[in-house]
Amino acid sequence: MEYVKPERIWLKTSSDYNERWVQARIADDPSILGLGDLVLRDKERIQPSTGRLDLLLQDPESYQRYEVEVQLGKTDEAHIIRTIEYWDVERKRYPQYEHCAVIVAEDITSRFLNVIGLFNGTIPLIAIQLQAISFAGNISLVATKVIDQFERGMVEEDEEIAVPADRSYWELRGTRDTVRIADEALEILKKFDPKLELKYNKFYIGLAVGDAPNNFVVFAPHKKFTSIRIRHEQTDQWNEALEQSGLVYDYVQREGRYRIRMEPDQFKPKIEIIEQLLQSSFSE
């Protein structure tokens, strides 16, 4: 059998392939990037006042979204800035989802690895080097993840070093109405354990019994809504129940929590399903 040596093709200088071709291949099969079984949400997505996002991908289980920018040749400053800009626009427009910026380029140089690395940890960012390989008349795209998303710790892992805060801090960061959602939830929680109290720190409002944290549910008030994260196994039954309730929710796989976006005027009308989910979480 004759040996055929694979050959790398630089798409930047190729007359047969271009950036749109690469985008189309990723759109047809997002698994090329090695980020899991993602689905295409949109491509060439118009961004207000900034341009077009190449690809918007989403994890169908965790609902995490990936803002993907493709560049042929070497990555550069404009590519990095554009990727972060589009990520920032999308996370502000759709705060109910987790978002991650993804830079894809044929060559991610050591200089820009250092620059990109500075953002990782403060901005969820993945850098992927995508090579085109020609073999026996066919062409393949090979993705290598050179910088992975910084994995944040679980709520419980951070409890010992959590920076304390108080109610007034959260009323300024959110509003009195969005903080009141945590109070209303606590009234339900006390049915399960009368010793439970709210515990304030600068990243979330948790729960404690005395000095012992018990964060099976945590709250993060914002200006217009409160994010309620309830630890629970994801099941079709609960997915269906939450869908039918009309609540905006997703499931954060790395935390094992349902995350529900609750506006102040929604709590009482939706109190039944919230109490059922809290009861189930407490029992687990």
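Residues numbered from 1 in each chain as written. Predicted model: local features only at pLDDT ≥ 70, side-chain atom pairs only at ≥ 80, totals over all residues. Heavy atoms only, no water.

Novice: Would you take a moment to explain the side chain of Asn215 for this structure?
Specialist: Following the sequence through the fold, Asn215 ends up in the loop between strand E10 (212–213) and strand E11 (217–221). Here Leu207 takes part through its backbone nitrogen, which lies 2.8 Å from a polar atom of the side chain of Asn215. (Helix = DSSP H or I, 4+ residues; strand = E, 2+ residues; numbered from the N terminus. Polar contact = N/O pair within 3.5 Å; in protein donor to acceptor, adjacent residues only side chain to side chain.)

Novice: Even after reading the chapter, I still don't get helix H5 (residues 176–192), so can you show me in this structure?
Specialist: Every α-helical turn comprises 3.6 residues, leaving residues that sit three or four positions apart pointing alike. Taking 1.5 Å per residue as the helical rise, H5 with its 17 residues ought to reach 24 Å, and the 25 Å between its terminal C-alpha atoms agrees with that figure. Residues Thr178, Val179, Ile181, Ala182, Glu184, Ala185, Leu186, Ile188, Leu189 and Phe192 constitute the buried set of H5. (Expected span 1.5 Å × (residues − 1). Buried < 20%, exposed > 50% of the residue type's maximum accessible area, 1.4 Å probe, protein only.)

Novice: Sorry if this is basic, but what is going on with the environment of Ile26 here?
Specialist: Positionally, Ile26 belongs in helix H1 (residues 19–28). For the pair Ile26 and Leu55, spaced 29 residues apart in sequence, the C-alpha to C-alpha distance is 8.5 Å. Beyond its immediate stretch of four places on either side in the chain, Ile26 contacts Ile32, Leu33, Leu55, Val70 and Leu130. (Contact = heavy atoms within 4.5 Å.)

Novice: What should I look at first to understand the confidence of the model for the protein chain in this one?
Specialist: Detailed reading of predicted coordinates is not advised where the pLDDT is low. Of the residues in the protein chain, 90% reach a pLDDT of 70 or more, and the chain-wide mean stands at 85. For the protein chain, per-element mean pLDDT is lowest for helix H3 (residues 110–119), which scores 70, and highest for H5, which scores 94. Across residues 157–161, confidence stays below pLDDT 50; counting only partners more than four residues off in sequence or on other chains, it has five contacts. (pLDDT = per-residue confidence, 0-100.)

Novice: What's the story with the packing of aromatic side chains in this structure? I'm lost.
Specialist: By convention here, two paired aromatic rings are described through the distance between centres and the angle between planes. Tallied over the full model, the rule gives six aromatic pairs. Note that Arg8 overlies the ring of Trp10, its terminal NZ or CZ placed 3.8 Å from the centroid. Seen from the ring of Tyr94, Arg65 lies directly overhead, with NZ or CZ sitting 5.3 Å from the centre. (Phe/Tyr/Trp six-rings, centres within 6.5 Å; stacked < 30°, edge-to-face > 60°. Lys NZ or Arg CZ within 6 Å of the ring centre and 35° of its normal.)

Novice: Would you take a moment to explain the packing of helix H6 (residues 236–245) against helix H7 (residues 271–283) for this structure?
Specialist: Helix-helix packing is characterised by the crossing angle of the two axes and by the distance between the axes. Here H6 crosses H7 at 160°, and the two axes come no closer than 11 Å. Taken together, the axes of H6 and H7 are roughly antiparallel relative to one another. Crossing angle aside, the handedness with which H6 passes H7 is left-handed. Side by side, H6 and H7 meet where Trp238, Ala241, Leu242 and Ser245 of the first sit next to Ile273, Gln276, Leu277 and Ser280 of the second. Its residues placed into classes, the contact of H6 with H7 shows five nonpolar, three polar and no charged. (Axes fitted to C-alpha atoms, helices over the stretch in contact; angles between N-to-C directions. Parallel < 35°, antiparallel > 145°, perpendicular 65-115°, else oblique. Left-handed = near helix turned anticlockwise from the far one by under 90°. Nonpolar A, V, L, I, M, F, W, Y, C, P; charged D, E, K, R; others polar.)

Novice: Before we go on, may I ask you to explain the packing of H5 against H7 in this structure?
Specialist: The interhelical angle for the contact between H5 and H7, taken along N-to-C directions, is 45°, at an axis separation of 10 Å. Relative to H7, the element H5 is oriented oblique. The interaxial crossing formed by H5 with H7 has right-handed handedness. Residue-level contacts link Ile188, Leu189, Lys191 and Phe192 of H5 to Ile271, Glu275, Leu278, Gln279 and Phe282 of H7. Class assignment for the residues of the contact of H5 with H7 results in six nonpolar, one polar and two charged.

Novice: How should the environment of Asp265 be read in this particular structure?
Specialist: Along the chain, Asp265 turns up in the loop between strand E14 (257–262) and H7. The class for Asp265 is exposed, based on a relative accessible area of 60%. The sequence separation of Asp265 and Asp177 amounts to 88 residues, and the corresponding C-alpha distance is 8.9 Å.

Novice: Can you walk me through the pattern of salt bridges in this structure?
Specialist: Pairing between side chains of opposite charge can happen when their charged atoms approach one another. The tally for this structure, following the rule as stated, stands at 17 salt bridges. Two residues, Lys92 and Asp88, come together in a salt bridge whose shortest N-O distance is 3.0 Å. Here Lys92 pairs with Asp88, and both are found in helix H2 (residues 77–93), just four residues apart, close to one helical turn. You can call Lys92 exposed: its relative accessible area is 57%. A salt bridge links Arg93 to Glu90; the nearest nitrogen and oxygen atoms lie 3.5 Å apart. Of this pair, Arg93 and Glu90 are both found in helix H2, three residues apart, which corresponds to roughly one turn of the helix. Assessed through its relative accessible area of 38%, Arg93 is described here as partly exposed. Assessed through its relative accessible area of 0%, Glu90 is described here as buried. (Salt bridge = Lys/Arg side-chain N within 4 Å of Asp/Glu carboxyl O.)

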